[in-house]
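Examining the three-dimensional arrangement
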Amino acid sequence: MVEHGDVRVVHKGGSKINFREPALSTDSRFLLCASGESVKVFSTATEECLHALQGHTDLITGVLLRPSNHLQAYSCSLDGTVRLWDFTDGILIRWAKSNRVNIWCCFIYVWTVHLHVCACTELFQLVAVHLPQCGEQLVEAKELSAVLSNISSNPAASAFGREVRIFRCLEVYFFKKHKSYSFFLKKDNQKGGKNTFTCITCHPTEDCIASGHEDGKIRLWRNFNHRKEYTYSTLHWHHSAVSSLSGTNLLSGGVESVLVQWRYNQESQRDFLPRLGGAITHISVSPDGALFCTSHSDNKITIIQSCVKVSAVIQGLVKGDRIRTDLMIEPRSKALVLNGKPGHLQFYSLQRDKLLYNLDIVQQEYIHESGLEQFEVVMAAFDASGSWLATVEERKQKAPELELNLKLWAFDDQKQSFVLNTTISAPHEGRITALCFPHVSDGQTTMLVSTSRDGHFKAWQLAAPAHTEDEGPSWSCDFLGAYHSLVPECCCFSADSSLLAVGFQEVVTVWTPASWELLTTLSQPPGAVRDLCFGRLSCSKYLLGATTSRLLCCWNLLTCSLEWVTSMDVSLLLADPLSENMAAFCFEAGSTDLFVFKPGEPRPLFSHKALCSGRVTHAVFVPREVMLESCDEASQWLNCSHLYFLTQSMDLLTFITKAEEDKLTASSKQLVVSDDVAMTPFHLLLGKHRDHSAGINEVGSLTLRLNRFHRPTCIFLCSMFVQSLLISKEEEMESEKEEEDSDGEMESRISRPEHMPSGESGCAAPALTKEEVRELRRLKKLDHSWMKGLLD
Amino acid sequence: MASYKPTNIPVYPKLGEKVTEETLYWKNYKTPIQIKEFGAVSNIHFSPVTPYNFAVTAFTRIHLYGLLSQEPVKTFTRFKDTAYCGRFRSDGQLLVAGCEDSVVRLFDVSGKVALRMFKGHTKAVHVTDFTSDRYQILTGSDDYTCCLWDIPNSAQLNTYQEHTDYIRCGVTSQLNRDLFVTGSYDHSLKVFDARVDKSVMTINHGHPVESLLLYPSEGLLVSAGGRYVRVWDLLKGGQPLVSLKNHHKTVTCLALSSNGQRLLSGSLDRHVKVYNTTSYKVVHNFDYPAAILSLALAPEDESIVVGMTNSILSIKHRKPSEEAKETAGHQRRRPSYRVYAHRKSYVPKQDDYLVSKPVRQHLAKYDKQLKKFNVSKALDTALETWIRGRKPEITVAVIRELDRRGTLKNALAGRDEQELSRLLSFLIANLVDARFAPVLITAAEMILDIYQSIIGQSPVVDKQLLHLQSLLERELDYQKDLLEVLGMLDTMFASSLPKIELPCSGISTSNGLPQGQSTASRPQILAA
């Protein structure tokens with residue numbers, strides 16, 4: 001066994017951005033949201049991620065703007081620290097750590113000078129933290145005073161008002177008076193209703209509390225300074241639990257993904273914004289009230305203007321509760337494809353960590369209602385060239401009422417997307433268990449094989465257009481095969497598509513697609529074949545199968561005999577499309593092990609014990625853009641492809657070699673340190689003037705520091721820029737003198753940057769020839785003074 | 001914000017006849033004009049010159065019809081017995097016809113009395129034709145002989161006595177004045193050359209020959225007899241080219257479309273089939289009410305004339321072409337266009353920035369109601385008479401959508417007698433349709449659940465429910481019969497398939513399956 005010395009498992013992209021309520025900056029230009037172990041700063045105008053604030057070592061549980069400084073924000077994390085960031089530049093200012101050991105922060109609030117952190121130790125407590133004003137970066141928070149205990153860890157269940165603090169079962173705590181009142185709703189009003197509190201919010205300026213309930217009602221509480229005389233009014237629009245409330249004009253949302261805006265004091269007037277996507281989980285409002293933003297259960301943040309119009313959508317990798325399709329790679333864009341929103345396939349770029357687009361497979365209006373059976377995309381497959389996509393959607397679990405659709409999508413070059421070509425309703429009588437295209441690399445794919453619980457497998461053929469109708473080619477059934485009325489579970493084409501292997505329970509049947517003849521049968525009882533995979537390249541004579549009786553079998557197709565068999569509970573068997581390597585994920589004692597091997601060799605190339613807990617059922621080999629040249633034995637298998645896999649907790653993980661990691665960290669460090677710009681003619685032109693004019697320095701740094709989305713207006717910059725280019729009379733004299741100097745001296749002078757001592761950067765930059773220098777000089781000598789007149 | 005996605009109306013594949021350009025071309029005829037003749041219409045022949053009158057031979061008369069007239073423009077009645085085979089000369093001036101009384105008569109088209117009478121045959125003359133030099137006449141008779149006659153002096157030029165049965169068809173070459181072909185009930189076709197006194201070629205058709213046709217190039221000869229239409233290559237010495245067996249009764253007549261691309265054959269099975277002359281596939285089919293005896297096409301395929309045994313002459317005229325119709329409509333509407341023309345005339349220039357208007361999504365009425373969750377109203381809309389009758393797939397799609405939303409029960413409930421009977425009549429009309437059955441059965445079950453308490457209150461609804469019940473019973477019997485047939489077919493297929501011996505690996509132990517089991521396993525290939 002080879003030890004996994006320098007290959008490491010790392011998280012890769014696609015973290016949740018809807019975990020906690022996002023924070024909008026005071027000027028509504030930035031959106032901060034907790035995303036795994038970092039805080040991401042998005043531009044609200046362009047939806048781009050500007051930078052990620054990294055430093056926490058565990059899940060971040062809260063992001064909050066600092067009320068006293070609108071360019072700073074707090075974040076708290078399960079690692080027990082609270083950090084203060086300058087989010088425009090992405091700099092960590094200070095961080096506070098508790099001196100107690102077992103402390104996790106769940107959410108934070110700031111009230112006057114105190115920072116309140118809900119920390120869960122043994123019991124849920126709200127603690128006030130006083131951060132001392134000192135210059136050091138790391139602060140140890142000593143002054144911890146428990147304010148309240150036994151509160152909910154859900155941040156929606158508590159809210160801060162003007163001077164009150166409220167939470168579940170309506171307990172109102174007055175910070176000033178240090179008093180608390182509790183209010184209860186009668187458990188059985190009318191229908192034995194489910195009137196449990198789900199969320200709560202306070203009016204920012206008035207004494208009014210809004211609470212959302214399980215039955216879809218919103219209650220507005222007033223006059224709660226007295227235990228007896230409180231009043232409440234009820235608003236009802238939602239049909240199931242209200243999950244978020246916010247703002248001066250009350251905003252509410254729930255599972256039906258409709259944002260409802262209630263006018264304060266005129267509650268009968270409502271504005272609706274329907275069909276926002278997944279269920280609304282959080283709503284937040286910018287401090288100036290110009291923007292709302294809603295987080296959705298499908299890992300999406302929608303930014304909405306106050307006139308109830310969607311202005312931007314920030315979409316992360318959608319991770320439903322269940323991924324039914326395999327992980328796939330779209331051959332054209334190399335995007336990762338998997339289930340996304342209900343009824344959609346999502347195309348996710350792994351390089352840019354960005355969702356490219358969602359492809360609507362089901363094409364039906366999604367009805368948000370619990371207990372309703374929806375159409376789900378359960379299977380999808382791409383052909384080798386990426387010109388065809390096959391999808392299977394199904395509805396209703398009961399066998400007699402199963403609704404199945406097989407859809408075939410053709411890639412449209414003009415639209416750069418997949419367009420529906422053929423819909424086959426009820427392609428099989430039972431559920432489809434596997435779907436595969438042959439691997440034809442050169443020509444057009446014209447065949448698809450699907451296997452089903454009804455005991456048949458069908459071959460679908462792309463038929464030429466019938467007669468002279470205007471429609472293009474469409475798919476139809478070409479062959480229907482069965483074997484002893486056994487149920488086929490899996491199918492696989494060989495690398496050259498000359499053989500088709502179909503696993504009928506315990507028996508593997510090998511067919512030739514050219515004439516649909518049964519060539520041979522292979523079997524290794526007991527245990528049904530669960531996974532089939534042909535070897536590739538030099539190992540193409542092998543057929544591998546994983547059975548339910550914890551066996552991995554390898555058959556030699558030349559002799560039709562069993563080559564080897566080993567006992568392991570394989571949950572997933574994969575072949576690398578670019579090499580002979582195969583990966584087997586084995587479930588052993590509650591965790592998953594990975595073995596990478598060549599079918600023809602007795603020893604595995606790589607093994608990793610206890611990769612993660614639970615079964616791994618989704619994984620994919622992603623071809624690399626640039627091949628690695630690693631000759632290290634343990635990491636050689638990663639030369640052609642990445643291996644991505646999804647754990648049971650829906651984390652997308654991948655393997656990374658030591659060399660790669662080093663390169664990554666080096667490049668990121670370099671990014672921070674190297675501030676100097678390459679020596680270009682433009683730099684030379686500017687650099688000379690930097691010493692003299694402060695203006696150009698300012699403009700340059702301004703344009704550099706501000707990212708490309710938030711530049712000042714052109715008019716503002718232009719005048720400064722042009723002014724800095726103008727040469728005053730004295731300078732001109734100097735430069736004329738310089739011209740008389742020797743060429744050698746001149747070069748050193750030119751290549752001198754503004755602050756650094758000359759020499760170092762000069763040699764780093766590409767040396768300019770004498771002709772070029774002269775050319776530049778002539779350019780500089782041109783009289784720009786006419787521009788000054790224009791500017792003034 | 002995503003926009004509302006309208007209900008998906010599935011497009012069902014059209015069953016039966018595929019619509020092709022051929023079908024469109026041949027369907028583009030008006031409803032036929034039917035004219036009652038005095039007897040079975042044995043021959044129809046178009047005049048080769050304008051105005052393309054056609055001669056219809058029926059019983060003892062020959063009628064001349066104009067192309068668009070419904071009344072005969074001229075009638076030749078001077079026959080003593082049944083007339084046969086009235087044909088025009090290539091200049092359209094003369095007409096020749098045989099007769100049961102063995103006399104061949106020659107008429108001037110403008111006159112009434114026969115110009116010449118050719119007497120010499122001893123039995124009925126079924127075949128007459130002009131040769132291409134226009135001065136001779138070919139006749140074929142039931143006395144097994146065929147003759148050539150000179151028109152000016154009505155003399156018999158030549159007699160051929162080679163056939164051994166009735167001669168019932170014959171054609172003369174249009175390119176060579178000496179060549180002609182005859183077909184006989186002795187199953188043979190004979191090609192004659194007038195310059196020699198014997199046939200130059202004999203071809204065996206295999207059945208009594210009923211009709212003959214020469215291609216305009218005269219390289220190919222088509223013969224019809226029995227159920228077969230056969231094409232022969234004359235240039236290769238009468239080699240059979242193709243044999244078509246598309247009729248199920250005797251083929252009686254043949255015709256060629258004006259451009260020579262399509263061959264038509266009429267038969268006693270009451271069909272006219274249209275073949276493509278390159279692939280010899282049937283591209284279209286006409287149905288007629290009675291057995292067909294004769295068939296002719298006007299020049300440019302302007303009309304199809306068919307004569308039948310029940311003495312009906314059916315004339316189909318081509319519809320005026322679409323373009324002519326369109327231009328007529330265009331002219332009528334032009335003034336109203338002119339008012340708005342200036343708006344459309346603005347063409348954006350190169351540097352113009354085009355601001356596209358947001359396109360408003362158009363929704364059907366039921367979609368608008370579904371969008372507002374008005375489920376009952378949406379179902380009402382989908383059950384409107386014209387949708388229900390013309391496009392039942394829309395109604396079914398709406399029912400399916402309601403079922404998907406879990407609100408079908410709400411939509412079905414709370415209906416009065418009239419609405420309920422409307423629903424039931426829709427069910428009765430469409431429940432047994434295989435495309436709609438899965439959806440409608442669910443709906444029917446729900447309706448029975450909801451309304452079982454009111455059974456017996458309304459005679460209309462009760463009647464419809466009983467109708468539904470009987471419909472389902474009939475369908476069940478039908479399905480059972482079908483399953484029986486399927487089972488029979490399966491056994492037939494299974495016994496007819498060759499037994500495939502599986503290549504059994506030598507090392508049967510490692511293969512896992514025991515030896516006996518492996519050889520016994522035969523794939524159940526079903527013909528898909």
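Residues numbered from 1 in each chain as written. Chains lettered and ligands numbered in written order. Predicted model: local features only at pLDDT ≥ 70, side-chain atom pairs only at ≥ 80, totals over all residues. Heavy atoms only, no water.

Here we take up the overall build of chain B. In terms of regular secondary structure, chain B is built from twelve helices and 28 strands. Per-residue burial for chain B yields a buried fraction of 47% across its 528 residues. Of the contacts formed within chain B by residues at least 6 apart in sequence, a portion of 45% connects residues at least 24 apart. With an accessible surface of roughly 28500 Å², chain B has 54% of that area assigned to carbon and sulfur atoms. (Helix = DSSP H or I, 4+ residues; strand = E, 2+ residues; numbered from the N terminus. Buried < 20%, exposed > 50% of the residue type's maximum accessible area, 1.4 Å probe, protein only. Contact = heavy atoms within 4.5 Å. Areas by Shrake-Rupley, 256 points an atom, 1.4 Å probe, with all protein chains shown as cover.)

Helix and strand counts for chain A come out as nine helices and 57 strands. The buried share of chain A, taken over its 792 residues, is 51%. Relative to all contacts within chain A whose residues are 6 or more apart in sequence, the contacts with residues 24 or more apart total 45%.

For the rest of this paragraph, the subject is helix 8 (residues 417-430) of chain B. Residue and element names in this part refer to chain B. Given a rise of 1.5 Å per residue, 14 residues ought to cover 20 Å, and the 20 Å separating the end C-alpha atoms of helix 8 matches this to within 8%. Turning to helix 8, its buried residues number three or more, namely Leu420, Ser421, Leu423, Leu424, Phe426, Leu427, Ile428 and Asn430. Residues of helix 8 that are buried in the fold lie against helix 5 (385-390), helix 6 (392-405), helix 7 (408-412), helix 9 (437-451) and helix 10 (459-496). (Expected span 1.5 Å × (residues − 1).)

So, on to the sheet that holds strand 3 (residues 30-35) of chain A. All names here are of chain A. Strand order in the open sheet formed by four strands is 2-3-4-5, with antiparallel pairing between adjacent strands. Where the open sheet ends on each side, the last strands, each with one partner, are strand 2 (23-24) and strand 5 (49-54). Pairing between strand 2 and strand 3: two bridges, direction antiparallel. Among the inter-strand pairings, Ala23 is bridged to a residue of strand 3, identified as Leu32. (Pairing = 2+ DSSP bridges.)

With that settled, the discussion passes to a positive patch on the surface. Together, Arg360(B), Lys368(B), Lys371(B), Lys372(B) and Lys377(B) line one region of the surface with positive charge. Secondary-structure assignment places Lys371(B) in helix 3 (residues 365-371). (Patch = residues over 30% accessible without salt bridge, like charges linked within 9 Å, V, L, I, M, F, W, Y side chains within 5 Å. Salt bridge = Lys/Arg side-chain N within 4 Å of Asp/Glu carboxyl O. Lys, Arg positive; Asp, Glu negative; His and termini not counted. Charge placed at Lys NZ, Arg CZ, Asp CG, Glu CD.)

Residues and elements named next belong to chain B. Confidence in the prediction of chain B, expressed as mean pLDDT, is 85, and 88% of residues score 70 or more. In the model, residues 502-528 has pLDDT below 50 throughout and makes 47 contacts with residues more than four positions away in sequence or in other chains. Interface confidence in the predicted complex, given as ipTM, is 0.70; pTM for the same model is 0.65. (pLDDT = per-residue confidence, 0-100.)

With that out of the way, let us pick up the packing of helix 8 of chain B against helix 10 of chain B. Residues and elements named next belong to chain B. Where helix 8 meets helix 10, the axes come as close as 10 Å, and the angle between the chain directions of the two elements is 15 degrees. By the angle between their directions, the pair helix 8 and helix 10 is classed as roughly parallel. Considering only the axes of helix 8 and helix 10, their crossing is left-handed. Note on element contacts: helix 10 touches helix 8 through Val460, Val461, Gln464, Leu465, His467, Leu468 and Leu471, opposite Glu417, Leu420, Ser421, Leu424, Ser425, Leu427 and Ile428. A breakdown of the residues in the contact of helix 8 with helix 10 according to their chemical character gives nine nonpolar, four polar and one charged. (Axes fitted to C-alpha atoms, helices over the stretch in contact; angles between N-to-C directions. Parallel < 35°, antiparallel > 145°, perpendicular 65-115°, else oblique. Left-handed = near helix turned anticlockwise from the far one by under 90°. Nonpolar A, V, L, I, M, F, W, Y, C, P; charged D, E, K, R; others polar.)

All names here are of chain B. In the contact formed by helix 6 and helix 9, the axes pass within 10 Å of each other and the chain directions differ by 65 degrees. Classified by the angle their axes make, helix 6 and helix 9 are roughly perpendicular. Where helix 6 crosses over helix 9, the handedness of that crossing is left-handed. Facing Val396, Ile399, Arg400 and Asp403 of helix 6, the residues of helix 9 in contact are Val439, Leu440, Thr442, Ala443 and Met446. Per-class residue counts for the contact of helix 6 with helix 9 are six nonpolar, one polar and two charged.

This paragraph deals with the UniProt feature "repeat: WD" (unreviewed entry) in chain A. Taking the numbering used here, the UniProt-annotated feature "repeat: WD" (unreviewed entry) corresponds to residues 53-90 and 190-221 of chain A. Secondary structure within residues 53-90 of chain A divides into 0% helix and 53% strand; the distance between the first and last C-alpha atoms comes to 6 Å. (UniProt positions renumbered as here; feature names shortened; annotations may be inferred.)

Ranked by internal contacts, the top residues of the largest apolar core, which has 37 residues, are Ile399(B), Leu402(B), Leu440(B) and Ile447(B). Breaking this core down by element, the ones donating at least two residues are helix 3, helix 4 (375-382), helix 6, helix 7, helix 8, helix 9 and helix 10 of chain B. In terms of residue count, helix 9 of chain B provides more of this core than any other element does, seven residues in total. Every residue in contact with Leu440(B), bar those within four places of it in the chain, is listed here: Val396(B), Ile399(B), Phe426(B), Leu427(B), Asn430(B) and Leu431(B). In terms of nonpolar packing, the next biggest core, distinct from the first, is built from 20 residues, Leu572(A), Ala583(A), Leu605(A) and Phe655(A) among them. (Core = buried A, V, L, I, M, F, W, Y, C linked by side-chain atoms within 4.5 Å.)

Let us look at the pattern of salt bridges. Following the criterion strictly, the structure yields 30 salt bridges over all chains and no others. We note a salt bridge from Arg400(B) to Glu403(A), for which the minimum N-O separation is 3.2 Å. Of the two residues, Arg400(B) is situated in helix 6 and Glu403(A) in strand 37 (residues 403-412); the pairing between them involves two chains. For Arg400(B), a relative accessible area of 30% puts it in the partly exposed group. According to the relative accessible area criterion, Glu403(A) is buried, its value standing at 15%.

Taken together, the side chains of Glu473(B), Asp477(B), Asp481(B) and Glu484(B) present a region of like negative charge at the surface. Summarising the element assignment, Glu473(B) is placed in helix 10.

Attention now moves to helix 10 of chain B. Residue and element names in this part refer to chain B. Given a rise of 1.5 Å per residue, 38 residues ought to cover 56 Å, and the 55 Å separating the end C-alpha atoms of helix 10 matches this to within 8%. For helix 10, every residue scored as buried is listed here: Val461, Gln464, Leu465, Leu468, Leu471 and Glu475. The secondary structure elements touched by the buried residues of helix 10 are helix 8 and helix 9.

A word on the environment of Arg61(B). As for its position among the elements, Arg61(B) is in strand 4 (residues 61-65). Filtering out sequence-adjacent residues up to four positions away, Arg61(B) remains in contact with Phe38(B), Val56(B), Thr75(B), Phe76(B), Thr77(B) and Phe79(B).

With that out of the way, let us pick up the packing of aromatic side chains. All told, the structure shown has 35 aromatic pairs over all chains when counted by the stated rule. Residues Trp237(A) and Phe272(A) carry aromatic rings whose centres are separated by 4.9 Å and whose planes lie at 35 degrees to one another, so their mutual orientation is tilted. Taken as a pair, Trp237(A) in the loop between strand 22 (231-236) and strand 23 (242-246) and Phe272(A) in strand 26 (residues 266-273) lie far apart in primary sequence, 35 residues in all. Classification of Trp237(A) as partly exposed rests on a relative accessible area of 31%. Ring centres of Tyr166(B) and Tyr185(B) lie 6.3 Å apart, and the angle between their planes is 45 degrees; this geometry places the pair in the tilted category. Within this pair, whereas Tyr166(B) is found in the loop between strand 13 (155-160) and strand 14 (167-172), its partner Tyr185(B) is found in the loop between strand 15 (179-184) and strand 16 (188-193), the two being separated by 19 residues in sequence. Taken together, the aromatic side chains of Phe457(A), Phe479(A), Tyr483(A), Phe504(A), Trp511(A) and Trp516(A) make up a single cluster linked through ring pairs. Looking at Arg230(B), its charged tip hangs above the ring of Tyr228(B), at a distance of 4.5 Å from the centre. The ring of Tyr29(B) carries Arg318(B) above its face, with NZ or CZ at 4.5 Å from the centroid. (Phe/Tyr/Trp six-rings, centres within 6.5 Å; stacked < 30°, edge-to-face > 60°. Lys NZ or Arg CZ within 6 Å of the ring centre and 35° of its normal.)

Before going further, it helps to examine the environment of Val251(B). Residues and elements named next belong to chain B. For Val251, the position within the fold is in strand 22 (residues 251-256). A relative accessible area of 0% means that Val251 is categorised as buried. Sequence spacing of Val251 and Arg270 is 19 residues, and the spatial spacing of their C-alpha atoms is 9.7 Å. If near-sequence neighbours (up to four positions away) are discounted, Val251 is found in contact with Glu210, Ala224, Gly225, Gly226, Arg227, Tyr228, Val229, Ser265, Gly266 and Ser267.

All names here are of chain B. Among the six residues of strand 20 (residues 228-233), five are classified as buried, and the element is accordingly described as predominantly covered. Sheet topology note: the strand 19 (residues 220-225)/strand 20 ladder contains six bridges and is antiparallel. The residue of strand 20 that forms the bridge with Ser223 is Arg230. What sits between the antiparallel neighbours strand 19 and strand 20 is a turn of two residues, in which Gly226 has the positive phi angle 60 degrees. Here strand 20 runs beside strand 21 (residues 239-244); their pairing, made up of five bridges, is antiparallel. Within strand 21, the position partnered with Arg230 by the bridge is Ser243. Between strand 20 and strand 21, which pair antiparallel and follow one another directly, the connecting turn spans five residues, one of which, Gly237, has a positive phi of 75 degrees.

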